[in-house]
Amino acid sequence: AGGVLLVMPWPWRLRALGLPLLLPVLLWQSPRPEPGQFELLAADIGQGNAVVVRTASHTLVYDAGPRFSRESDAGHRVLVPLLRALGERVDTLVLSHRDTDHTGGAQALLETQPKAQLLSSIADDHFLQSLRLAQRCQDGQRWDWDGVRFEVLHPLAADYEAQRKSNAMSCVLRITNGVRTALLVGDVELAQEAQLLASAQALRTDVLLVPHHGSKTSSSAAFLDATAPRFALVQSGYRNRFGHPAAVVMERYRERQIEVKDSPHCGAMTWTSAQPEQLLCQRELDRRYWHHRMPTSAG
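Conventions and cut-offs
- Residues numbered from 1 in each chain as written.
- Predicted model: local features only at pLDDT ≥ 70, side-chain atom pairs only at ≥ 80, totals over all residues.
- Heavy atoms only, no water.
- Disulfide = S-S within 2.5 Å.
- Helix = DSSP H or I, 4+ residues; strand = E, 2+ residues; numbered from the N terminus.
- Phe/Tyr/Trp six-rings, centres within 6.5 Å; stacked < 30°, edge-to-face > 60°.
- Lys NZ or Arg CZ within 6 Å of the ring centre and 35° of its normal.
- Buried < 20%, exposed > 50% of the residue type's maximum accessible area, 1.4 Å probe, protein only.
- Polar contact = N/O pair within 3.5 Å; in protein donor to acceptor, adjacent residues only side chain to side chain.
- Salt bridge = Lys/Arg side-chain N within 4 Å of Asp/Glu carboxyl O.

Caption draft 1: Expanded view of the state of the cysteines. Summed over the entire model, instances satisfying the criterion amount to two disulfides. Across the disulfide from Cys137 sits Cys171; the S-S distance is 1.9 Å. A torsion of -65° about the S-S bond marks the disulfide between Cys137 and Cys171 as left-handed. Here Cys171 lies in the loop between α7 (157–162) and β11 (172–176) and Cys137 lies in the loop between β8 (135–136) and β9 (142–145), a separation of 34 residues in the sequence.

Caption draft 2: Quick peek at the packing of aromatic side chains. Inspection of every chain in the model, using the stated rule, returns four aromatic pairs. Pairwise contacts between aromatic rings join Trp143, Trp145 and Phe150 into one cluster. When the ring centre of Trp12 is taken as origin, the NZ or CZ atom of Arg15, which lies over that ring, is 4.1 Å away. Its guanidinium or amino end placed over the ring of Tyr160, Arg136 lies 4.2 Å from that ring's centre, counting from NZ or CZ.

Caption draft 3: Examining the side chain of Ser273 more closely. Relative to the elements of secondary structure, Ser273 occurs in the loop between β16 (269–272) and β17 (279–281). On the basis of relative accessibility, which here comes to 5%, the residue Ser273 falls in the buried class. Within the local environment of Ser273, its side chain forms a polar contact with the side chain of Gln37, the two groups lying 2.6 Å apart. A polar contact is formed between the side chain of Ser273 and the backbone nitrogen of Phe38, at a distance of 2.9 Å.

Caption draft 4: Seen up close, the pattern of salt bridges. Overall, the coordinates contain 16 salt bridges when judged by the stated rule. Of the charged contacts, one joins Asp206 and Arg180 as a salt bridge, the two residues approaching to 3.3 Å between their closest N and O atoms. Of the two residues, Asp206 is situated in the loop between α8 (190–198) and β13 (207–209) and Arg180 in the loop between β11 and β12 (181–184); the sequence distance between them amounts to 26 residues. Classification of Asp206 by relative accessible area gives buried; the value is 13%. Salt bridges sharing common partners tie together Arg32, Glu39, Arg54 and Glu88.

See the structure below:
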């Protein structure tokens, strides 16, 4: 209505009445979780990880998606526009490990989020260190935002000293409000899953970011029994060359009646601790007749 008034061939004193009607559009802000609650938004970035975690007044980004080419990455194409649309100021960027499907969009994000702290297992000579000096993620780190606890469960100090391979250094982040929990695990493999099980950490969770995009090297039966998630999120590329998620791995989830959602079928995935029984798929919410309909989902 405000726009119509502004373009009508009337005197300006009448057309100006449209300005107040435009204020809801100009001043709109994305609704945030209530204190003590948190939200996960797994972005649709193809083959990689990128999860936006929001509390009442803070924002964390876990991984920054892949680099597609020298000129294109998930930061420029997805994360930066997404964060701008939501009006987000990022407090912490967690890069689970150095692989480019997790760090590809980090430079774009750091350049547009000058106050974001960087927490990662990347090496001291990694080029991102010149943009933002990273604090090592390490078992035992924890902090609270708005009644929500964030805990790093992996890697250990000894893992840095042993100079383990990239996937083995994945930062594992547990997020909980004391009632609901999410577990973000990067590309941990069977050995790291066993290490987490042996550590006597509380691993039971409501939402699990599927380890290593559903690779055969992860998601052991023991790990799934210990975490027992209601939802498992797979961030992978459509018809990706790795075959993620692997059919044998998905069968383990089905045997335990864990509901698996993947980004090729679901698009961006949103889950909130306030409505833990519901996971929203953007492709279903914004379905259009010209959109490609995917065959049977991963779950």
